[in-house]
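# What the coordinates show
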Amino acid sequence: MTRTLLVTGGGGVGKTTVSAALGVAAARSGIRTLVVTVDPARRLADALGIELQGADPSPLDEEPNLWAAMLDASQSWNTLARTHADPEAADRLVGNPFFAAATSHFPASQSFAAAEEATRFVEGGAWELVVVDTPPSAGGIEFFTAPAEMTALVGGRLLRWLTGGRLPGRRFLFNRTAKPALRIADTVLGSDLLEQIAQFLMDLRTTYDGVAARSREIEARMRTATSIVVTTADPSPIREAVRFYRELPEVATRPAAVVFNRTLPEEWIDARPGRVAAEYAENLRRWGAEAQRQRDLRVEFAGRYRTELTTIPWRPHAPTDLDSLAELVSSAEGFDPVDLLRP
Ligand SMILES: Nc1ncnc2c1ncn2[C@@H]1O[C@H](COP(=O)(O)OP(=O)(O)OP(=O)(O)O)[C@@H](O)[C@H]1O
Ligand SMILES: [Mg+2]
């Protein structure tokens, strides 16, 4: 059976880096692993051997058990349209500028695409482990509510009202009544804007049953997945991490662990500068105080939310090659994140 590991957390905390690092570590411990990344930095993408646009899973020559893929939300949406709308409506949807706009701007859209694509890879059964990085816009608990939000969008009240309740008869009605009216309005506006919007909503609405069913499948997968929350000791990602423990939606299970990334070394807390210049000593003292603050925060977090906790050190350089990614995981302290990955 394929296991799924969801790497969530606030923006910029290191989700993509940690996903890649866990992928490399798992592969090196003999687990057939796929990492699905979202928008990796150029050098990280190169290290993982993926193109920045729409990369299907490809094996890494230098890492026998590792595959990497790059999430392409628009591609995933096109697949969805082709799967759940009839061919004509799917063609119209994919070609409709509002489809492109909705798929890139609706907040849950990227998360839904990521969850959908991950679910497809898991269903394919080709890997023992699929590590899923989450999009910057929705690395928070929204990732887990995205399927329900998508269903609500496609079957939403606004859409129902605009496109009618039951489809076939209403489509007839739409063609007979709304469409000519929109044409007149468009003539005044000098474009076919309104007609395009209406057509888009109508076509989107026909995917409702399919999207709703798929959302339920995705939610079921997500419920059996293991998730971890990545955070740093900064206030904003901490707030996001806390939400996973306080307001987790019913669709997801509690995260298995919290990863404090970019952690300062604890040795700095009691560092004795010896005979150095006063400015240097002051500098060390400040860093020591920050290391202390970070440790207090972790102790409080672990105590309050009774969770496994691991720290990943702050490296002087962005870890982007395979060895430095693996090293990131082996230098983790506290709970061993690789324990999560074992089948
Ligand atoms: N432990 C670390 N030490 C040093 N640099 C790190 C570490 N972890 C991540 N970084 C760097 O921090 C930056 C942000 O990391 P990353 O892109 O993985 O975050 P993210 O959570 O995926 O961001 P986004 O929310 O935008 O997707 C990158 O430049 C990355 O190389
Ligand atoms: Mg990222």
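Remember, predicted model here, so these are calculated numbers, not experimental data.

## Examining the packing of aromatic side chains
- Inspection of every chain in the model, using the stated rule, returns 12 aromatic pairs.
- Considering the side-chain rings of Trp 77 and Phe 99, the 5.9 Å spacing of their centres and the 75 degrees angle between planes classify their relative orientation as edge-to-face. Of this pair, Trp 77 sits in helix α3 (residues 73-84) while Phe 99 sits in helix α5 (residues 97-105), placing them 22 residues apart in sequence. Each of the two residues, Trp 77 as well as Phe 99, counts as buried.

## A few points about the pattern of salt bridges
- On inspection of all chains with the given rule, the structure shows 21 salt bridges.
- Of the charged contacts in the structure, one is a salt bridge between Arg 298 and Glu 266, with a shortest N-O distance of 3.0 Å. Placement of Arg 298 in helix α13 (residues 278-305) and of Glu 266 in the loop between β7 (257-263) and α13 is noted, with a sequence separation of 32 residues between them.
- The buried category is assigned to Arg 298, whose relative accessible area is 5%.
- Residue Glu 266 is classed as partly exposed on the basis of its relative accessible area of 36%.
- One connected set of salt bridges, linked through shared partners, spans Glu 116, Glu 117, Arg 120, Glu 123, Arg 214 and Glu 217.

## Thoughts on the site of ligand 1
- Surrounding ligand 1, one finds 17 residues, the nearest of these being Gly 12, Lys 15, Thr 16, Thr 17 and Arg 262.
- The backbone of Gly 14 places a nitrogen or oxygen atom 2.9 Å from an oxygen atom of ligand 1.
- Between ligand 1 and the protein, one listed contact pairs an oxygen atom with a side-chain N or O atom of Thr 16 at 2.7 Å.
- Isolated, ligand 1 exposes 630 Å² of accessible area, and the fraction of that covered by the protein chains is 76%.
- Put simply, ligand 1 lies in the largest pocket.
- Of all the secondary-structure elements, those providing two or more residues to the shell around ligand 1 are α1 (15-28), β7 and β8 (308-313).
- The element best represented in the shell around ligand 1 is α1, accounting for 3 residues.
- A class-by-class count of the residues in the shell around ligand 1 yields 8 nonpolar, 6 polar and 3 charged.

## As for the sheet that holds strand β4 (residues 63-70)
- With mixed pairing, 9 strands are arranged side by side in an open sheet as β3-β4-β2-β5-β1-β6-β7-β8-β9. Of all the strands in the sheet, just β3 (58-60) and β9 (333-334) have a single pairing partner and so form its edges.
- Across 2 bridges, the pairing between β8 and β9 is antiparallel. Bridging from a neighbouring strand, Thr 311 pairs with Glu 333 of β9.

The rules behind these values
Residues numbered from 1 in each chain as written. Chains lettered and ligands numbered in written order. Predicted model: local features only at pLDDT ≥ 70, side-chain atom pairs only at ≥ 80, totals over all residues. Heavy atoms only, no water. Phe/Tyr/Trp six-rings, centres within 6.5 Å; stacked < 30°, edge-to-face > 60°. Helix = DSSP H or I, 4+ residues; strand = E, 2+ residues; numbered from the N terminus. Buried < 20%, exposed > 50% of the residue type's maximum accessible area, 1.4 Å probe, protein only. Salt bridge = Lys/Arg side-chain N within 4 Å of Asp/Glu carboxyl O. Near = heavy atom within 4 Å. Polar contact = N/O pair within 3.5 Å; in protein donor to acceptor, adjacent residues only side chain to side chain. Areas by Shrake-Rupley, 256 points an atom, 1.4 Å probe, with all protein chains shown as cover. 1 Å grid on protein atoms, 1.4 Å probe; cavity = no way out; pocket = protein on both sides within 12 Å on 5 of 7 lines; lining within 4 Å. Sits in = over half its atoms within 2 Å of the grid points. Nonpolar A, V, L, I, M, F, W, Y, C, P; charged D, E, K, R; others polar. Pairing = 2+ DSSP bridges.

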